[in-house]
Every structure is written in C-alpha cells, then in structure tokens.
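Understanding the architecture of this molecule
Here are the chains, one letter per residue:
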Amino acid sequence: MTIFFGTALLFCVGYWLVVAFYAGRILADSWIWLFFGLLSGLNLLAAWSDQHEWKQAPLWLITSVHTATLALFAVMTAAAVLVLSGLHTEAVENPDYIVVLGSELKPDGTISKTMKKRLDGAIVLSDRYPQAELILSGGQTRPGLLTEAEAMADYLRYNGVSASRMILEPDSRSTYENVRNSCGLIEEFRRAASSESRGRRAGSAPAKRILSAEARPVKLVIVSSDFHLFRAVHMAKKQTGELVYGAAAPSDPVLFLHALCRESAALLKDKFLGRL
C-alpha cells in the first residue's frame, strides 16, 4: 500500500505541475489532481502508521480510509471506461442537423484550440452533407465578449460556410444546457416544419426547413471533443427521441488525462442528477 499510494501522490502532484506549466496557467478545475494527491497522501500516512506500531492509528480508521479511497478510484475508473467508449466518430448518412458544442473562449475573445478543432470537424461534415443545417450552441464566456455561438459563426463564415445554414443557440452555459437548448430548437422546428425558424440565425436569408410535414426521426450529429462525446450524446438521447450520433474532434494529448478525469467526474455528477 505504501508504494501504491506513494506513487499516486507523486503522480498527481507531478501531473498537476505539468498541466499548469503546459497550459501557462493554473486551470480552474486542476484542483482535482491536488485533491487526489491529498487523498493519496492521507492513505500513505495511514499505511506508514500501520507499519510503525508505536505510532499506529486505529485499525478501523486505516481500513476505512483505504476502503473509501479505493472505492472512489474504482468508481472513477468505471466512469473513465465509459467516457473512453465514446471517443470514436459514429457513421451516419445524410444528417439533418450538425450540432456543434461550444467551448470557453480565450480572455481576448478569440476561439480556443479546443473550439477550433470542433469547428474544423464541423466544416468537414458541412461539406460532406450540404443539406444539413448547423446549430451552434454556446453562451457568453465573459461579460463584454461575443457568445460562443457568435464566435463559432464568425469562424465558420470565414472558412466558407454559408450563414444561411447556421442556427445560433447563444444562451447555454453548460453541456446540459447545450444539449437541452439545441434539442429544444429541433423540437420547435418539428412543430413548425413548414414555417420560418424561430431560432436566431447568423444570416438574414429565409430559413431552409429540413423537416417535411410528415413525422420521421431526425438525424443529428453532435460535434464535440472526443472525451466529451459520450456524455453529450447520451444526454441528447435522453432529451429527445431523435437519432443521435457523435463526431469526435481530437483533444490535446498532453491534457487528455486531465480532460478524462474531469469528464469522468462530470459524468458521475450528471448521472446522479438524472441527466443521463
């Protein structure tokens, strides 16, 4: 136990430093590595106490600490396996909508590397499926900046995607709101298939309605980072009865473990809240 928790302590603190150095700042959610490092340190102390009888803690306390920590690690590992199962892009033919999930803008209001990779993936899909409309979902990152949806629309227009194909969803502040609001727009379009879209559009051209008056399942592709896709797709499947597919944008290899750990925690939280 001493070797295991000692190694875990060094790894957690070391990777926290790597993340901070690589990102150029201490990320708001990087505290999770310090938390696991502290947890490993407590277990290391308990294991060391168990090996030194003159400073031995009560056996029930040592056992409880080890059991709780190992149970937490097991639950996080199980959640991580689920996240990893959704890393791939699913095959789809002729989707009706391409839903692009936003990511936090940089402090100067420009798009991040994460958002750029998602948008580049969306451009590939929009060229492959010219009949599909794009729903750009993301609210305001900071006061005074564009919304994520507006920043995405600017990037897509600059790269040749017609503004008439874009539907902006500028109110969401989380993955759950991204999915809920985007699915809500699609439901509005279903109810008003032959009328003008009630979503905010990036261009002034009349809305091109994808759906016919007859009821049929809608095909939508959610574009997001690979580590984010499992949760987003399964949220959408719970929100709507439509056919939901995922398209994975590559994530940063250095920060992937950090993203995986954070996403595993978010998956457990959303499952607890009944969102999955």
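How each quantity is defined
Numbers given to residues run from 1 along each chain, matching the order in which its sequence is written. Restriction of local features to residues with pLDDT of at least 70 applies here, the model being predicted, together with a cutoff of 80 or more for giving and counting side-chain atom pairs; totals for whole chains, interfaces and linings are based on all residues. Water and hydrogen atoms play no part in the side-chain values, which are based on all heavy atoms of the structure. Helix and strand definitions here come from DSSP, where helices need a minimum of 4 consecutive H or I residues and strands a minimum of 2 consecutive E residues; each element is numbered from the N-terminal end. Contacts are assigned to residue pairs with any non-hydrogen atoms lying within 4.5 Å of each other. Per-residue and other accessible areas follow the Shrake-Rupley method at a 1.4 Å probe size, with only the shown protein chains counted as cover for residues. Lines are fitted to the C-alpha atoms to define the axes, a helix being fitted only along its stretch in contact, and any angle between axes, read from their N-to-C directions, falls within 0 to 180 degrees. The cut-offs work like this: below 35 degrees is roughly parallel, past 145 is roughly antiparallel, 65 to 115 is roughly perpendicular, and the gaps in between are oblique. By convention, the crossing between two helices is left-handed when the near helix turns anticlockwise from the far helix through less than a right angle, and right-handed when the turn is clockwise. Residue-level confidence of the predictor is what pLDDT reports, using numbers from 0 through 100. With a 1.4 Å probe rolled over the protein chains alone, any residue whose accessible area is under 20% of its type maximum counts as buried; one over 50% counts as exposed, and the rest are partly exposed. DSSP-based pairing: two strands are paired if at least 2 bridges between them are found. Whether a crossover is right-handed depends on one test, that the path from the first strand over the helix to the second runs clockwise when the strands point away from the viewer.

Concerning the overall build of the protein
Scanning the protein from N- to C-terminus turns up eight helices and six strands. Looking at the protein alone, contacts between residues at least 24 apart form 73% of all its contacts between residues at least 6 apart. Accessible area of the protein: about 13,900 Å², with a carbon and sulfur share of 63%.

Description of the packing of helix α7 (residues 229-239) against helix α8 (residues 256-272)
Contact geometry for α7 and α8: axes closest at 10 Å, N-to-C directions at 20 degrees. The pairing of α7 with α8 is recorded here as roughly parallel in orientation. For the pair α7 and α8, contact is made by F230, R231 and M235 and by E263, A266, L267 and D270, respectively.

Side note on the packing of helix α6 (residues 175-191) against α7
Two elements in contact, α6 and α7, have axes whose closest approach is 9 Å; the angle formed by their N-to-C orientations is 40 degrees. Between α6 and α7, the angle falls in the class oblique. For the pair α6 and α7, the crossing hand works out as right-handed. Within the contact between the two elements, α6 uses T175, Y176, V179, R180 and C183 and α7 uses R231, A232, M235, A236 and Q239.

Description of the confidence of the model for the protein
A residue-level look at the protein finds 89% of positions with pLDDT of 70 or above and a mean pLDDT of 87. In this model residues 204-210 is a low-confidence stretch, pLDDT under 50, and it forms 22 contacts with partners more than four residues away in sequence or in other chains.

Quick word on the pairing of strand β5 (residues 219-225)
Across the seven residues that make up β5, a large majority, six, are buried. Inspection of the sheet shows β5 paired to strand β6 (residues 243-249) by seven bridges, in the parallel sense. Among the inter-strand pairings, L220 is bridged to a residue of β6, identified as V244. Regarding topology, α7 serves as the crossover connection from β5 to the parallel β6, and that connection is right-handed.

Observations concerning the environment of S182
Tracing the backbone shows S182 in helix α6. Classification of S182 by relative accessible area gives buried; the value is 2%. Separated by 47 residues in sequence, S182 and I135 have C-alpha atoms that sit 7.0 Å apart.

Looking at the environment of L9
If you trace the backbone, L9 turns up in helix α1 (residues 2-23). Note: C-alpha distance between L9 and L44 (35 residues apart in sequence) is 8.3 Å. The contacts of L9, once residues within four sequence positions are left out, are G37, S40, G41 and L44.

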